[in-house]
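Overview (structure and organization)
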Amino acid sequence: MELVELLRDARAVVGFTGAGVSTESGIPDFRSPGGVWTRYDPRNFEFDRYVTDPEVRALSWEMRTEFFAEPWAPNRAHLAFARLEDAGRCLGVVTQNIDGLHQDAGSRTVVELHGTARRVMCIGHRPEYGTPAGCGWDAPHTWAFERLDAGEADPHCPRCEGLVKSSTVSFGQQLFPGVVDAASDLVRRADVLVVVGSSLQVYPAAALPMDAIDAGARLVIVNDEPTPFDGVADLVVRGRAGEVLGPVVDALLG
Ligand code: APR
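Conventions adopted
Here the residue numbering is sequential within each chain, running from 1 through the sequence in written order. With the structure being a predicted model, the display of local features is reserved for residues of pLDDT at least 70 and the display and counting of side-chain atom pairs for 80 or more, all residues being used for whole-chain, interface and lining totals. Water and hydrogen atoms play no part in the side-chain values, which are based on all heavy atoms of the structure. We call a residue buried when its accessible area falls under 20% of the maximum for its residue type, exposed when it is over 50%, and partly exposed in between, using a 1.4 Å probe and counting protein chains only. Helix numbers and strand numbers start at the N terminus; a helix is a DSSP run of H or I with at least 4 residues, a strand a run of E with at least 2. Here, a strand pair is defined by DSSP locating no fewer than two bridges between the strands. A fitted line through C-alpha atoms serves as each axis, taken over the contacting stretch for helices, and the angle formed by two N-to-C directions is quoted from 0 to 180°. In this description, contact between two residues means that some pair of their heavy atoms is separated by no more than 4.5 Å. Charge counting follows a simple rule: Lys and Arg are positive, Asp and Glu are negative, and His as well as the terminal groups are ignored. For salt bridges, the criterion is a side-chain nitrogen of Lys or Arg within 4 Å of an Asp or Glu carboxyl oxygen. Domain delimitation follows an automatic or database domain assignment. In short, buried area is how much 1.4 Å probe accessible area vanishes from two parts on joining, totalled over both. Throughout this description, a polar contact denotes any pair of N or O atoms lying within 3.5 Å of each other; where both atoms belong to protein, one of them has to be capable of donating a hydrogen while the other can accept it, and for residues adjacent in sequence the pair is counted only when both atoms sit in side chains.

**Description of the pairing of strand S2 (residues 90-95)**
Across the six residues that make up S2, a large majority, five, are buried. Where strand S1 (residues 13-17) and S2 come together, five bridges link them in parallel fashion. Its bridge partner being in S2, Val13 is matched across the sheet by Cys90. Note that S2 and strand S3 (residues 110-112) share three bridges and pair parallel. Across the sheet, residue Val93 finds its bridge partner in S3, namely Val110.

Here it is in structure tokens:
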């Protein structure tokens, strides 16, 4: 396949993934039919509403509890990047996803642009301008579920009594300090950037493929549907992430 040939001589592959890399693990994406934003109104999850409205916090915890109710496992697409990294041919992955499946697959360098649902953090008593202002406390996400199960509808920070939020980046929230720079640095080191399962509609994440191209990388897009960057890609593979990448890495690594 063309993708095998394009990657055969690559020694600095970087993955850039979106929710579409995890749908074959059973996690719905956001904008496909049946996706999260076709079932929930994203405006209900904006940072300022989370801060001011306990009902929004309760809805968010309900959504998070539903998210972790399933035992998600990495699929062949996540494993493909981990295998290439183990073989010294992939520098790591920049992901928009919060599910932690790249790390579960064995990827060691993972930049989580939108944070992680695997942890919760203190965001302070009244953070403003979309910027968490917590005391520094954080914990595994299970800490929150234990309190919710014990009947605490709105868990607060055990250290300073501030608000607690999943360690993810919501609409209207600033990205965590240094994350975009780390992501840009990584994609600029790529000889091939492989974008998988993203509609490439949300910024600043969607600007990163151009950073890679500006730094001389070739661009591959593996996606179920067209994206706004198909026109500047060296190769577009229309297909399912795991179904495409599993056999490609088998062919590359044997
Ligand atoms: N294989 C290939 N492509 C897939 C697969 C699959 N198995 N499943 C879905 N896709 C494609 C869809 O066609 C779609 O183009 O993946 C893309 C997923 O796009 P979105 O649902 O918009 O997800 P994403 O690009 O990650 O969204 C970016 O938006 O809401 C915010 O914070 C959220 O990180 C998210 C960001």
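**Thoughts on the sheet that holds S3**
One open sheet accounts for six strands, arranged S3-S2-S1-S7-S8-S9; its pairing is parallel. Each edge of the open sheet is held by one strand with a lone partner, namely S3 and strand S9 (235-238). Between one strand and the next, the sheet's axes are offset by a mean angle of 15°, whatever the strand orientation. In the sheet, S1 pairs with strand S7 (residues 192-196) via five bridges, with the strands oriented parallel. Residue Val13 lies in a different strand from S7, and its bridge partner there is Val192. Contacts from helix H8 (residues 179-188) reach S1, S2, S3 and S7, with the element oriented near 140° to S2.

**Focus: the side chain of Glu85**
Relative to the helices and strands, Glu85 resides in helix H5 (residues 76-86). Of the buried charged residues, Glu85 lacks a salt bridge, with Arg108 as the closest side chain of opposite charge at 4.4 Å. For Glu85, the contacting residues outside a window of four places in its chain are Cys90, Leu91, Gly92, Gly106, Ser107, Arg108 and Thr109.

**Some words on the domain arrangement of the protein chain**
For an interface, size is often stated in terms of accessible area lost upon the parts coming together. Domain annotation of the protein chain identifies domain 1 (1-27 + 73-114 + 177-254) and domain 2 (28-69 + 116-168). The gap between the C-alpha centroids of domain 1 and domain 2 is 27 Å. Summing both partners gives a buried area of about 1000 Å² for domain 1 against domain 2, and 58% of it is carried by carbon and sulfur. Ranking the residues of domain 1 by area buried against domain 2 places Ala19, Ile27 and Ile98 at the top, with a combined share of 45%. Along the contact surface separating domain 1 from domain 2 lie one salt bridge. Of the charged contacts, one joins Asp104 and Arg118 as a salt bridge, the two residues approaching to 2.5 Å between their closest N and O atoms. The tally of links between domain 1 and domain 2 comes to three residue pairs in polar contact (both at pLDDT 80 or more).

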